[in-house]
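Here is what each chain is made of, one letter per residue.
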Amino acid sequence: MIRSSRDYKPYLRALKYCRPYSARIITALICMALSAIFAIIPPWLIKNVVDDVLIKGDSSRLNLIAIAAVVLSLLKVSFGYAYNYLMAWVGQKSVMDIRLALYDKTQNLPMRVIYRKRTGEFLSRVTNDVTALQDIISSVIVDFVVQSVTFFGILAFLFFINWKLTLATFAILPLTVLAIDRASEKLRRVSDEMQEQLAQLSAVAQEVMSAVRIMRAFAAEKMELERFRKHSSNNFRAIMRATQTSGALGGFIEVLLYCALALILWLGGRDVLKGELTAGELVAFLTYLGLLVQPVRTISRVVSVIQRGVASAIRIFEIMDEPDDTPRSGNPIYLRDMKGEVTFDGVYFAYEKDRFVLNGISFRAAPGEKIALAGQTGAGKSTIADLILRFYDPTKGNILIDGAGLRDIDVLSYRRKIGVVPQDPVLMKGSFAYNISYGMENASADDIVKAAETAGIADFISRLPAGYDTEIGERGVTLSGGQRQRIAIARAVVRDPAILIMDEATSSLDSMVESQVQSAMAAAMTGRTSIVIAHRLSTIRDADRILVLEAGRIAEAGNHGELMRARGIYHSLYSIQSGQSGQSGGRASASEE
């Protein structure tokens, strides 16, 4: 069994989601109790049939007993239907509430947690683990109440019929309790393993399906099949271990109960022969004892269900309890008319303790200014963009937006005033209109068209048979890289952002497409504070200011001409990318200026 109050904690926490539906639960509990009571009366009717009808020959009671049996059956079935329906409703509704809460939490998890786990693991918790809670929220309550009422009702009848036989029967009850207790410990362990293996299986399947082009391109079908087979086998073995333990527990308890039945048959038969017990009473006693098998077996099965459910609850609440790296302000500032001024004031940041990727970054981007971030891979460019979006908070230092501390600004309203064009534009399954207006439910058709025109994709969309209602395949795989990038630009500008972040938005495009997308980007950045992360330095020559990062610090700052004349890091990087070096690089630099 669950051995301590601490072990009960995840289960009790899951049950809290039933509180809004207390009225239905109370009604269901009443129906459960009545159904159980009506279910345990028939053996007493059998006792009357044997003693009064068959032995004494009182035929007048036979009709009454037959009618009573039918009425009891109808009442049991009616109340049984009522509680089953009510508890199924409560269970499904509670599970839906948990799933929504978990999904909401997953959407807002700290980025460090999201990057630490595979997408399939989160998917498994939202689907498989939450579904596993269905049993412990509704079925367990039903089984516990119904079988408990049945158990104690039968026990009362057994004592009423013959208390000596009842005590003899329950002499072996401690063995049953001990078996359940020992088995539950193992069930808990194998249930944990079973849920973990299922999560790994889901993660592998999701990972492969999301990268199916890569898998086929490298002819890795056989390798991935073997990997999936390995995880499937692990999952199968975990399930079978749980089945073996649960089956052995149920079988052991059943054997114990039948041993008790044999003992009572022997002792009770002797009492009947002595005249100390009527034949009807012995038949009723044996019938009740047989009926007692079901509640005990069901309660032992419930222990297995609880252990599996608790394992799932632990995994769910592990996610729900993740602390927020970017806590919300209790009295947030709403920037109604955001101008787009961005100030970094001595910002330090570390993904891991004392391993700083930003070391004292300070700069100010004026409203409408175009700031480019350059530097080698790992210099901290994308981290600055993530901090502006408040995916993380600085370890030390402050970030100000229009003079207000970013930690104090309402993050959702703030992000709606930021446009982002990533290097790999992820598109959602849906129409062009849906993708362009993503996150902006109030965007009008005119807003969508204007954004598409700014991004240079409007002509292409208008030529499609269904226009903006044309469906885009999942992740936009049916579109070219340039088309996906332009939709991403339209998605960024449809919200009329005060700040626009371009994160290496053209690095994966060829030169011709890059030139076309650059024109769309230039139109999008007009009049907006723009933070451009560039791999190809030729794309940021017209930036108002270029910040060159090295080892998490701003090593150089200035416009293209100033940095080329300084002949420092930027000059070296630009010369390498231009295929120039030495003296020829110097002559080229002069012409570039």
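Preceding this section is the structure that the text describes.
Each value, and the rule that gives it
- Residues numbered from 1 in each chain as written.
- Predicted model: local features only at pLDDT ≥ 70, side-chain atom pairs only at ≥ 80, totals over all residues.
- Heavy atoms only, no water.
- Helix = DSSP H or I, 4+ residues; strand = E, 2+ residues; numbered from the N terminus.
- Buried < 20%, exposed > 50% of the residue type's maximum accessible area, 1.4 Å probe, protein only.
- Contact = heavy atoms within 4.5 Å.
- Areas by Shrake-Rupley, 256 points an atom, 1.4 Å probe, with all protein chains shown as cover.
- Axes fitted to C-alpha atoms, helices over the stretch in contact; angles between N-to-C directions.
- Parallel < 35°, antiparallel > 145°, perpendicular 65-115°, else oblique.
- Left-handed = near helix turned anticlockwise from the far one by under 90°.
- Nonpolar A, V, L, I, M, F, W, Y, C, P; charged D, E, K, R; others polar.
- Pairing = 2+ DSSP bridges.
- 1 Å grid on protein atoms, 1.4 Å probe; cavity = no way out; pocket = protein on both sides within 12 Å on 5 of 7 lines; lining within 4 Å.
- Points joined across faces, edges and corners; volume = space filled by probe spheres on them.
- Patch = residues over 30% accessible without salt bridge, like charges linked within 9 Å, V, L, I, M, F, W, Y side chains within 5 Å.
- Salt bridge = Lys/Arg side-chain N within 4 Å of Asp/Glu carboxyl O.
- Phe/Tyr/Trp six-rings, centres within 6.5 Å; stacked < 30°, edge-to-face > 60°.
- Lys NZ or Arg CZ within 6 Å of the ring centre and 35° of its normal.
- Core = buried A, V, L, I, M, F, W, Y, C linked by side-chain atoms within 4.5 Å.

Digging into the overall build of the chain
Argument step 1. Counting secondary structure elements, the chain contains 21 helices and twelve strands.
Argument step 2. Looking at the chain as a whole, 47% of its 593 residues qualify as buried.
Argument step 3. The long-range fraction of contacts in the chain, counting pairs at least 24 apart against all pairs at least 6 apart in sequence, stands at 78%.
Argument step 4. In the structure as shown, the chain presents an accessible area of about 29,600 Å², 57% of it carried by carbon and sulfur atoms.

Let's talk about the packing of helix α15 (residues 445-455) against helix α17 (residues 481-493)
Argument step 1. Interhelical geometry of α15 versus α17 gives an angle of 130° and a closest axis separation of 8 Å. By the angle between their directions, the pair α15 and α17 is classed as oblique. Crossing of α15 over α17 shows right-handed handedness. Judged by residue contacts, A451, A452, T454 and A455 of α15 engage R486, I489, A490 and V493 from α17.
Argument step 2. Taken together, the residues of the contact of α15 with α17 sort by class into six nonpolar, one polar and one charged.

Describing the sheet that holds strand β1 (residues 342-352)
Each strand in a sheet pairs with another by means of backbone hydrogen bonds, the pair being arranged parallel or else antiparallel.
Argument step 1. One open sheet holds the four strands; their spatial order is β2-β1-β4-β5, and the pairing between them is antiparallel. Of all strands in the sheet, those bounded by a partner on one side alone are β2 (355-365) and β5 (404-405).
Argument step 2. For β1 and strand β4 (residues 396-401), the ladder comprises five bridges, and the chain directions are antiparallel. The residue bridging T343 from the neighbouring strand is L400, located in β4.
Argument step 3. With respect to the sheet, helix α12 (residues 381-388) is in contact with β1, β2 and β4, its orientation differing from that of β1 by roughly 110°.

Comments concerning the layout of surface pockets
Leftover empty space is mapped by rolling, across the atoms, a probe with the size of a water molecule.
Argument step 1. A volume near 310 Å³ is recorded for the second largest pocket.
Argument step 2. Lining the second largest pocket are 19 residues, with G375, Q376, T377, G378 and K381 positioned closest to its centre.
Argument step 3. Going through the elements one at a time, α12 and α20 (569-577) are the ones with two or more residues in the lining of the second largest pocket.
Argument step 4. For the lining of the second largest pocket, a count of residues per class yields eight nonpolar, nine polar and two charged.

Some thoughts on the pairing of strand β12 (residues 553-558)
Argument step 1. Looking at chain direction, strand β11 (residues 545-550) and β12 are connected through five bridges and run antiparallel. Looking at the pairing, V548 lines up with E556 of β12.
Argument step 2. Linking β11 back to β12 in an antiparallel pair, the connection comprises two residues, with A551 at a positive phi of about 55°.

Some thoughts on a nonpolar patch on the surface
Argument step 1. Taken together, the side chains of I67, V71 and L75 define a hydrophobic patch exposed on the protein surface, amounting to about 240 Å² of accessible area.
Argument step 2. According to the relative accessible area criterion, V71 is partly exposed, its value standing at 41%.

Details of the pattern of salt bridges
Argument step 1. One pass over the full model with this rule turns up eleven salt bridges.
Argument step 2. Linking R355 and E352 is a salt bridge whose minimum nitrogen-to-oxygen distance equals 3.2 Å.
Argument step 3. Its relative accessible area of 58% is what places R355 among the exposed residues.
Argument step 4. With relative accessibility at 48%, the residue E352 sits in the partly exposed group.
Argument step 5. The closest approach of N and O atoms between D496 and R528, which form a salt bridge, is 3.0 Å. Linking D496 in the loop between α17 and β9 (499-503) with R528 in the loop between α18 (511-525) and β10 (529-533), this pair joins segments that are 32 residues apart in sequence.

Quick word on the packing of aromatic side chains
Argument step 1. Applying the stated criterion across every chain, the model contains 14 aromatic pairs.
Argument step 2. Ring geometry for Y21 versus W89: centroids 5.4 Å apart, planes at 85°, classification edge-to-face. Here Y21, found in the loop between α1 (5-15) and α2 (22-40), pairs with W89, found in helix α4 (residues 60-107); they are 68 residues apart in sequence, far enough to count as distant.
Argument step 3. Taking 5.3 Å as the distance between ring centres and 90° as the angle between the ring planes, the aromatic pair formed by F151 and F152 counts as edge-to-face.
Argument step 4. Members of the aromatic cluster, joined through ring pairs, are W44, F157, F160 and Y288.
Argument step 5. Over the ring of W89 we find R24, and its NZ or CZ is 3.7 Å from the ring centre.

Some thoughts on the pairing of β4
Argument step 1. When β4 meets β5, the two strands line up antiparallel, connected through two bridges. Across the sheet, I401 pairs through a bridge with A404, a residue of β5.
Argument step 2. Hairpin connection of β4 to β5: two residues between the antiparallel strands, including D402 at a positive phi of 50°.

As for unusual backbone geometry
Argument step 1. Positive phi values are uncommon outside glycine, yet R390 reaches one of about 55°.
Argument step 2. For R390, the location among the structural elements is in the loop between α12 and β4.
Argument step 3. Residues other than glycine seldom take positive phi values, yet D402 does so here, at roughly 50°.
Argument step 4. If you trace the backbone, D402 turns up in the loop between β4 and β5.

What to know about the environment of R227
Argument step 1. By secondary structure assignment, the location of R227 is in helix α10 (residues 221-274).
Argument step 2. What makes R227 partly exposed here is its relative accessible area of 28%.
Argument step 3. Along the sequence, R227 and V204 sit 23 residues apart, while their C-alpha atoms lie 8.0 Å from each other.

Some points on the nonpolar core
Argument step 1. Among the nonpolar cores identified, the biggest contains 44 residues, and I436, I540, I546 and Y570 are the most heavily contacted of them.
Argument step 2. Among the elements that take part in this core, α17 stands out by supplying six residues, more than any other.
Argument step 3. Ignoring anything within four residues of it in the chain, the contact list for Y570 reads L537, I540, I546, V548, E556, H560, L563 and M564.
Argument step 4. Counting residues in hydrophobic clusters, the runner-up holds 37 residues, among them Y21, A28, V142 and V146.

Focus: the sheet that holds β9
Argument step 1. Here six strands make up an open sheet; going across it, the order is β6-β9-β10-β3-β11-β12 and the pairing mixed. Each edge of the open sheet is held by one strand with a lone partner, namely β6 (418-421) and β12. When the angles between neighbouring strand axes are averaged without regard to direction, this sheet yields 20°.
Argument step 2. Of the pairings in the sheet, the one linking strand β3 (residues 370-374) to β11 comprises four bridges and is parallel in character. Within the sheet, the bridge partner assigned to I371 lies in β11 and is R545.
Argument step 3. Contacts between α12 and the sheet are confined to β3, β6, β9, β10 and β11, with β10 contributing the most and set at about 145° to the helix.
Argument step 4. Sitting on the sheet, α17 is in contact with β6 and β9, with an inclination near 175° to β6.

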